Amino acid sequence: QVQLVESGGGLVQAGGSLRLSCAASGRTFSSKAMGWFRQAPGKERDFVAGISWNGGTTGYADSVKGRFTISRDNAKNTVYLQMNSLKPEDTAVYYCAARGGGSYSSGSYEYLYWGQGTQVTVSS
């Protein structure tokens, strides 16, 4: 069992930056791929970024490529999402998620554990 708690969301102006954190409980965190997803009002939950169990492989949605960076610190059981050059269309609730295996996936159905989400609002 893995419990995930996101933090770091908030209100920021367009062009600004935020860093989201996701703290995980459990001793199996270091063996699991992690992902960040987001859901805007009235829309589906979309893949944002993913990272393999050891951080060796990362992937991003086209809409955030070059602006967002996912990373992890297995010693701290934490995964991060650094978000730069934020745009109003990045406004959403951001969720972190853990897979059962070590490779990340862009499909939300592949993830077993989810956090409660953190709100990110980007004003224009």
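For the structure itself, look to the data block above.
Conventions and cut-offs
- Residues numbered from 1 in each chain as written.
- Predicted model: local features only at pLDDT ≥ 70, side-chain atom pairs only at ≥ 80, totals over all residues.
- Heavy atoms only, no water.
- Phe/Tyr/Trp six-rings, centres within 6.5 Å; stacked < 30°, edge-to-face > 60°.
- Helix = DSSP H or I, 4+ residues; strand = E, 2+ residues; numbered from the N terminus.
- Lys NZ or Arg CZ within 6 Å of the ring centre and 35° of its normal.
- Pairing = 2+ DSSP bridges.
- Axes fitted to C-alpha atoms, helices over the stretch in contact; angles between N-to-C directions.
- Contact = heavy atoms within 4.5 Å.
- Polar contact = N/O pair within 3.5 Å; in protein donor to acceptor, adjacent residues only side chain to side chain.
- Core = buried A, V, L, I, M, F, W, Y, C linked by side-chain atoms within 4.5 Å.
- Buried < 20%, exposed > 50% of the residue type's maximum accessible area, 1.4 Å probe, protein only.

Comments concerning the packing of aromatic side chains
- In total, this model carries six aromatic pairs according to the counting rule given.
- Judged by centre distance (5.1 Å) and plane angle (55 degrees), the ring pair of F37 and W114 falls under tilted. With F37 in strand β4 (residues 34-39) and W114 in strand β10 (residues 111-114), this residue pair connects regions lying 77 residues apart in the sequence.
- An aromatic cluster of at least three residues, connected via ring pairs, comprises F37, F47, Y95, Y104, Y111 and W114.
- Across the ring face of W114, the terminal group of R45 is positioned such that the distance to the ring centre comes to 4.8 Å.
- The lysine or arginine in question, R72, covers the ring of F29, its NZ or CZ lying 4.5 Å from the ring centre.

What to know about the sheet that holds strand β8 (residues 78-83)
- Pairing is antiparallel across the open sheet formed by four strands, whose spatial order is β1-β3-β8-β7. Edge positions in the sheet fall to β1 (4-7) and β7 (68-73), since each has one partner strand and no second. Strand-to-strand, the axes of this sheet are offset by a mean angle of 15 degrees, without reference to chain direction.
- Here strand β3 (residues 18-24) pairs with β8 via six bridges, running antiparallel. Residue pairing across strands places L20 opposite L81, the latter belonging to β8.

What about the environment of T118?
- Positionally, T118 belongs in strand β11 (residues 118-123).
- Note: C-alpha distance between T118 and A23 (95 residues apart in sequence) is 12 Å.
- Once residues within four sequence positions are removed from consideration, T118 is found in contact with E6, S7, G8, G9, L20, A92, V93 and Y94.
- Within the structure, T118 has its side chain in polar contact with the backbone nitrogen of G9 (distance 3.3 Å).

Digging into the nonpolar core
- In terms of nonpolar packing, the biggest core is built from 32 residues, with L4, W36, L81, M83 and Y94 touching the most fellow members.
- Among the secondary structure elements, those contributing two or more residues to this core are β3, β4, β5 (45-51), β7, β8, β9 (92-99), β10 and β11.
- Here this core takes five residues from β9, the largest share from any one element.
- Beyond its immediate chain neighbours, meaning those up to four positions away, L81 contacts L18, R19, L20, W36, V48, A49, F68, T69, I70 and Y94.

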